[in-house]
Amino acid sequence: GGQDGVRHFLHIDDYDNKTIMKILERAREVKAKLKSGDKSFKPFAGKTMAMIFTKPSMRTRVSFETGFHLLGGHAIYLGPDDIQLGKREETRDIARVLSGYNDVVMARLFAHKDLLDLAKYGSVPVINGLTDYNHPCQIMADALTIIEHKGYIDNVKVVYVGDGNNVVHSWLRFAAVVPIHFVCACPRGFEPDAATVELVRSKGAKIDIVNDPMEAVKGADVVYSDVWASMGQKEEAALRMQRFQGFQVNEKMMEQAGPDAFFMHCLPAERGVEVTDGVIEAPNSIVFPQAENRMHAQNAVMLHVVGE
Ligand code: CP
Ligand code: NVA
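Quick notes on the rules
- Residues numbered from 1 in each chain as written.
- Chains lettered and ligands numbered in written order.
- Predicted model: local features only at pLDDT ≥ 70, side-chain atom pairs only at ≥ 80, totals over all residues.
- Heavy atoms only, no water.
- Near = heavy atom within 4 Å.
- Polar contact = N/O pair within 3.5 Å; in protein donor to acceptor, adjacent residues only side chain to side chain.
- Buried < 20%, exposed > 50% of the residue type's maximum accessible area, 1.4 Å probe, protein only.
- Helix = DSSP H or I, 4+ residues; strand = E, 2+ residues; numbered from the N terminus.
- Pairing = 2+ DSSP bridges.
- Right-handed = clockwise from strand over helix to strand, strands pointing away.
- Core = buried A, V, L, I, M, F, W, Y, C linked by side-chain atoms within 4.5 Å.
- Contact = heavy atoms within 4.5 Å.
- Axes fitted to C-alpha atoms, helices over the stretch in contact; angles between N-to-C directions.
- Phe/Tyr/Trp six-rings, centres within 6.5 Å; stacked < 30°, edge-to-face > 60°.
- Lys NZ or Arg CZ within 6 Å of the ring centre and 35° of its normal.
- Areas by Shrake-Rupley, 256 points an atom, 1.4 Å probe, with all protein chains shown as cover.
- Nonpolar A, V, L, I, M, F, W, Y, C, P; charged D, E, K, R; others polar.
- UniProt positions renumbered as here; feature names shortened; annotations may be inferred.
- Expected span 1.5 Å × (residues − 1).

(A) Looking closely at the site of ligand 1. Surrounding ligand 1, one finds Ser-57, Met-58, Arg-59, Thr-60, Arg-108, His-135, Gln-138, Cys-266, Leu-267 and Arg-294. In the environment of ligand 1, an oxygen atom lies 2.6 Å from a nitrogen or oxygen atom belonging to the backbone of Met-58.

(B) Structural context of the pairing of strand β5 (residues 157–161). With five of its five residues buried, β5 lies for the most part within the structure. Of the two faces of β5, both are covered, the one formed by Lys-157, Val-159 and Val-161 as well as the one formed by Val-158 and Tyr-160. Sheet analysis places β5 next to strand β6 (residues 181–185), joined by five bridges and oriented parallel. Note that in β6 the partner of Tyr-160 across the bridge is Cys-184. A crossover links β5 with its parallel partner β6, the connecting element being helix α6 (residues 166–175), and its sense is right-handed. The sheet contact formed by β5 and strand β8 (residues 222–225) spans four bridges and is parallel. Bridging across to β8, Val-159 finds its partner in Val-223.

(C) The pairing of strand β3 (residues 104–108), seen in detail. By the criterion of burial, β3 is predominantly enclosed, with five of the five residues buried. Sheet topology places strand β1 (residues 48–53) next to β3; five bridges connect them, and they run parallel. Considered in β3, the bridge of Met-49 is made with Val-104. Bridge count between β3 and strand β4 (residues 126–128): three bridges; the pairing is parallel. Following the sheet pairing, Val-105 is matched in β4 by Val-126. In this view, the connection linking β3 to its parallel neighbour β4 by way of helix α4 (residues 112–121) has right-handed handedness.

(D) Seen up close, the nonpolar core. Ranked by internal contacts, the top residues of the largest apolar core, which has 60 residues, are Phe-9, Ile-20, Ile-127, Trp-171, Phe-174 and Phe-182. Per-element accounting of this core gives the leading share, eight residues, to helix α5 (residues 136–150). Ignoring anything within four residues of it in the chain, the contact list for Phe-9 reads Tyr-15, Ile-20, Val-126, Ile-127, Asn-128, Pro-136, Cys-137, Met-140, Val-301 and Val-305. Ranked by size, the runner-up nonpolar core spans 25 residues in total, among them Ala-185, Ala-220, Ala-257 and Ile-280.

(E) Region of the structure containing the sheet that holds strand β9 (residues 262–265). Across the sheet, which stays open at both edges, the five strands sit in the order β7-β6-β5-β8-β9 with parallel pairing between neighbours. Strands at the two margins of the open sheet, each flanked by one partner only, are β7 (206–210) and β9. The sheet shows a mean angle of 20° between the axes of neighbouring strands, taken without regard to direction. Taken together, the four bridges between β8 and β9 define a ladder with parallel strand orientation. Paired with Val-223 across the two strands is Phe-263, which belongs to β9. Seen against the sheet, α6 touches β5, β6, β7 and β8 and runs at an angle of roughly 155° to β6.

(F) Inspection of the packing of aromatic side chains at higher detail. The full count for this structure, using the stated rule, is ten aromatic pairs. Ring geometry for Phe-9 against Tyr-15: centres 6.1 Å apart, planes inclined by 20°, an arrangement best described as stacked. In this structure, Phe-9 and Tyr-15 share a single accessibility class: buried. A connected cluster of aromatic rings, assembled from ring pairs, spans Tyr-160, Trp-171, Phe-174, Phe-182 and Tyr-224. Lying over the aromatic face of Tyr-77, Arg-61 brings its terminal NZ or CZ to 3.9 Å of the ring centre.

(G) Region of interest: the site of ligand 2. Residues in contact with ligand 2, as listed here, are Leu-130, Asn-165, Asn-166, Asp-226, Val-227, Ser-230, Met-231 and Leu-267. The fraction of the free accessible surface of ligand 2 (270 Å²) that becomes covered by protein chains is 95%. Broken down by class, the residue content of the shell around ligand 2 amounts to four nonpolar, three polar and one charged.

(H) Quick look at the UniProt feature "domain: Aspartate/ornithine carbamoyltransferase Asp/Orn-binding" (unreviewed entry) in the chain. The feature "domain: Aspartate/ornithine carbamoyltransferase Asp/Orn-binding" (unreviewed entry), as annotated in UniProt, sits at residues 155–304 in this numbering. The span residues 155–304 is 40% helical and 15% strand by assignment, and the distance between its end C-alpha atoms comes to 25 Å.

(I) Examining α5 more closely. Taking 1.5 Å as the rise per residue, α5 with 15 residues should run 21 Å; its terminal C-alpha atoms sit 21 Å apart, in good agreement. Within α5, twelve of the 15 residues are buried, which leaves it mostly tucked inside the rest of the structure. Buried within α5 are the following residues: Pro-136, Cys-137, Gln-138, Ile-139, Met-140, Ala-141, Asp-142, Ala-143, Leu-144, Thr-145, Ile-146 and Ile-147. A positive phi of about 95° marks Gly-151, the residue just after α5.

Dropping the structure here:
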């Protein structure tokens, strides 16, 4: 929840276990309805959503826009050159203006503070479509995908191999709410935010931050990878390439994880860098169902924040 009882979706652990599991259950129901060809469910009829992007996107843009449309609403894409958040206009002004037109605001931004300001100054729900700090809709889709492939999420061991980035921060916060075992194996100096690690530990999350990926992946239900240089860090790519040697998810690492381990990646992937082509194309790779589930997980998140 946010100010004046407005429900936002900014961090997974803003909600309790019951609510997160309810959203995931709703995602399965609405997905089944859409897959059956039933086009009668239009809870967003007459509603509009503004989508602010200051970074590139394929999945986030297309899944939100398509999902909101399929459920009867109209979504408006605002690219980096359109409203020029923080440059042409201050975030607190944008928040109040868009609140006058739209029922929901979704934003993909650099600074997390800007997302918090949209929520603080606006009067409609704000959904986090990724910031430099976190990516909660991604991890909701990931959890939905794990539930579909394993049948459950509790006590699943997810081993993330790579940079302690925005995706990791959302996994950590997910682990504060849902009883999974989350392991982040990263090079020294690329650990996730220490304050977040401390926060989720204080909430009882079962997490490990380690530096040996080959040891970490043993017994993993899921091995998870993401790019070594995130959006906004591409000029560090060469340096990171050196520092991340040994952190590529390849056939040898998947063999160490065991025959039942699934491979996941939020995409976009740089094949041959953080993951091999062979691992992405292997039968236990579930990266494409995972990408598709962005739409279904987010449909349920949108239904939750608008109170449908
Ligand atoms: N995984 C993800 O958020 O992809 P996009 O950057 O293409 O939206
Ligand atoms: N960590 C990546 C995720 C992309 C979906 C980035 O921020 O670029």
